[in-house]
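Each chain, written out:
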Amino acid sequence: MINNIEVCPHCSKKMELKTAPYNDNGKTLGNFEAYVCPSCGRVFYTDNGYKELTKHIMKKK
Ligand SMILES: [Zn+2]
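In this text the structure is predicted, and so the values were computed from the model without any measurement. (Residues numbered from 1 in each chain as written. Predicted model: local features only at pLDDT ≥ 70, side-chain atom pairs only at ≥ 80, totals over all residues. Heavy atoms only, no water.)

Caption draft 1: Highlighting the coordination of the zinc ion. Donor atoms from the polypeptide that bind the zinc ion are Cys8 (SG), Cys11 (SG), Cys37 (SG) and Cys40 (SG), placed at 2.2 to 2.3 Å. Around the zinc ion sit four donor atoms, and with donor-metal-donor angles ranging over 104 to 113° the site reads as tetrahedral. Overall, Cys40 belongs to the partly exposed group, its relative accessible area being 35%. (Donors = N, O, S within 2.8 Å, 3.2 Å for Na, K, Ca; no water. Tetrahedral: all angles 85-135°; square planar, octahedral: opposite > 155°, others 65-115°. Buried < 20%, exposed > 50% of the residue type's maximum accessible area, 1.4 Å probe, protein only.)

The following block contains the structure:
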């Protein structure tokens, strides 16, 4: 897991801190805090976003 990345490793563009939806088997689990690259659209969840995401995944089991 890459933590709090601020520059896209693929295009060297500054990532934007926003929220991004996480999809699992076509279902959206919710929006989580993430850095999103404005150029290629890659999403890297922040520590907080990833924690929230893990909580949602655990709930399903
Ligand atoms: Zn990028």
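Caption draft 2: Main features of the sheet that holds strand β2 (residues 27-36). Overall, antiparallel pairing links the three strands, which are arranged β1-β2-β3 in an open sheet. Both outer strands of the open sheet, β1 (16-24) and β3 (43-45), are each paired with one neighbouring strand and no more. If you compare each strand with its neighbour and ignore which way they point, the axes differ by 60° on average. Inspection of the sheet shows β2 paired to β3 by three bridges, in the antiparallel sense. Counterpart to Tyr35 in the pairing with β3 is Phe44. (Pairing = 2+ DSSP bridges. Helix = DSSP H or I, 4+ residues; strand = E, 2+ residues; numbered from the N terminus. Axes fitted to C-alpha atoms, helices over the stretch in contact; angles between N-to-C directions.)

Caption draft 3: Geometry of the pairing of β2. Sheet topology places β1 next to β2; nine bridges connect them, and they run antiparallel. When the sheet's bridge partners are listed, Glu16 is paired in β2 with Val36. Between the antiparallel neighbours β1 and β2 lie two residues, among them Asn25 with a positive phi of about 55°. Hairpin geometry of β2 and β3 is characterised by an intervening segment of six residues between the two adjacent antiparallel strands and by a positive phi of about 80° at Gly41.

Caption draft 4: Molecular detail of the packing of aromatic side chains. The final tally for this structure, using the stated rule, is two aromatic pairs. Centroid distance Phe32 to Tyr45: 6.5 Å. Interplanar angle 80°. Geometry classified as edge-to-face. Of the two residues, Phe32 is situated in strand β2 and Tyr45 in strand β3; the sequence distance between them amounts to 13 residues. For Phe32, a relative accessible area of 3% translates into the label buried. Ring pairs connect the aromatic residues Tyr22, Phe32 and Tyr45, which therefore count as one cluster. (Phe/Tyr/Trp six-rings, centres within 6.5 Å; stacked < 30°, edge-to-face > 60°.)

Caption draft 5: Structural detail: the pattern of salt bridges. Throughout the structure, instances matching the rule amount to two salt bridges. Here Glu52 makes a salt bridge to Lys55, at a shortest N to O gap of 3.0 Å. Here Glu52 and its partner Lys55 are both found in helix α1 (residues 47-60), three residues apart, which amounts to about one turn of the helix. Residue class for Glu52 comes out partly exposed when judged on its relative accessible area of 35%. (Salt bridge = Lys/Arg side-chain N within 4 Å of Asp/Glu carboxyl O.)

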